[in-house]
Amino acid sequence: MSAFSTFFSKIAHIFTSPKAQQVARQIAAAADKALPIIAEIEQVTGGNKNVDSVLAVYKKFGVPEVQAVASGTNYGAALLNVAVTVLSSEFPGVPWSTLQTGAQVAFSAFKSRS
């Protein structure tokens, strides 16, 4: 059992409905899959969030660059979009918001390790 699964299983009792428990399991699974994606994103960017590094990440993961950078783009949000886009292909039918939460949990875990 992964650390994410363990964490979410410990707090699952606060989710009383089966649907909410399912979402918690989906978030844990997405976080597990997102962690290596987040690590790759950090490797490509070298921790620098600028137009060139964001475009390099989009290219690496095959996400259309037109989504990447527009005037006033939040680079962190653009990179999170890449992670969620990759996750969406691995978890068809899972809501974007659930995958985004999993990616954000993985990003927080990654940052706490660095």
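Please refer to the structure higher up on the page.
Participant: Please clarify how the side chain of threonine 45 should be interpreted in this entry.
Facilitator: Tracing the backbone through its elements, the reader meets threonine 45 in helix H2 (residues 18-45). Setting aside its immediate chain neighbours within four residues, threonine 45 contacts Ser53, Val57 and Leu79.

Participant: I tried to follow the pattern of salt bridges on my own but got confused; where do I start?
Facilitator: Once the charged atoms of two side chains with opposite charge are near each other, the side chains can pair. Taken as a whole and judged by the stated rule, the model has three salt bridges. Glutamate 90 is the partner of lysine 33 in a salt bridge, and the nearest nitrogen-oxygen pair spans 3.5 Å. Here lysine 33, found in helix H2, pairs with glutamate 90, found in helix H4 (residues 75-90); they are 57 residues apart in sequence, far enough to count as distant. Given the relative accessible area of 39%, glutamate 90 is considered partly exposed.

Participant: Whenever I open this one, the nonpolar core confuses me. Can you help?
Facilitator: One broad rule of soluble globular proteins: the nonpolar side chains tend to lie buried together. Formed by 23 residues in total, the largest nonpolar core has its most connected members in Ile41, Val82, Leu87, Leu99 and Ala103. Sorting the residues of this core by element identifies H2, helix H3 (51-61), H4 and helix H5 (96-113) as the ones contributing at least two each. If you tally residues by element for this core, the top one is H4, at eight residues. Filtering out sequence-adjacent residues up to four positions away, alanine 103 remains in contact with Ala34, Ile38, Leu80, Ala83, Val84 and Leu87.

Participant: When you look at H2 in this model, what are you seeing that I'm missing?
Facilitator: An α-helical turn contains 3.6 residues, so a residue and the one three or four places further along point in the same direction. An ideal rise of 1.5 Å per residue puts 40 Å on 28 residues; H2 measures up with 39 Å between its terminal C-alpha atoms. At alanine 34, H2 shows its maximal kink, close to 35°; a proline, proline 36, follows between one and four residues later.

Participant: It is not clear to me how the packing of H2 against H5 should be interpreted in this structure. Could you clarify?
Facilitator: Angle between the axes and distance between the axes are the two parameters that describe a pair of packed helices. Remark: H2 packs on H5, axes separated minimally by 6 Å, with the N-to-C direction vectors making an angle of 50°. If you check the angle between H2 and H5, you find them oblique. Crossing of H2 against H5: the hand is right-handed. Residues Val23, Gln26, Ile27, Ala30, Ala31, Ala34, Leu35, Ile38, Ala39 and Glu42 of H2 pack against Thr98, Leu99, Thr101, Gly102, Ala103, Val105, Ala106, Phe107, Phe110, Lys111 and Arg113 of H5. Of the residues belonging to the contact of H2 with H5, the class tally is 14 nonpolar, four polar and three charged.

Reading guide: rules and limits
Residues numbered from 1 in each chain as written. Predicted model: local features only at pLDDT ≥ 70, side-chain atom pairs only at ≥ 80, totals over all residues. Heavy atoms only, no water. Helix = DSSP H or I, 4+ residues; strand = E, 2+ residues; numbered from the N terminus. Contact = heavy atoms within 4.5 Å. Salt bridge = Lys/Arg side-chain N within 4 Å of Asp/Glu carboxyl O. Buried < 20%, exposed > 50% of the residue type's maximum accessible area, 1.4 Å probe, protein only. Core = buried A, V, L, I, M, F, W, Y, C linked by side-chain atoms within 4.5 Å. Expected span 1.5 Å × (residues − 1). Bend = angle between axes of the 7 residues up to and from the residue. Axes fitted to C-alpha atoms, helices over the stretch in contact; angles between N-to-C directions. Parallel < 35°, antiparallel > 145°, perpendicular 65-115°, else oblique. Left-handed = near helix turned anticlockwise from the far one by under 90°. Nonpolar A, V, L, I, M, F, W, Y, C, P; charged D, E, K, R; others polar.

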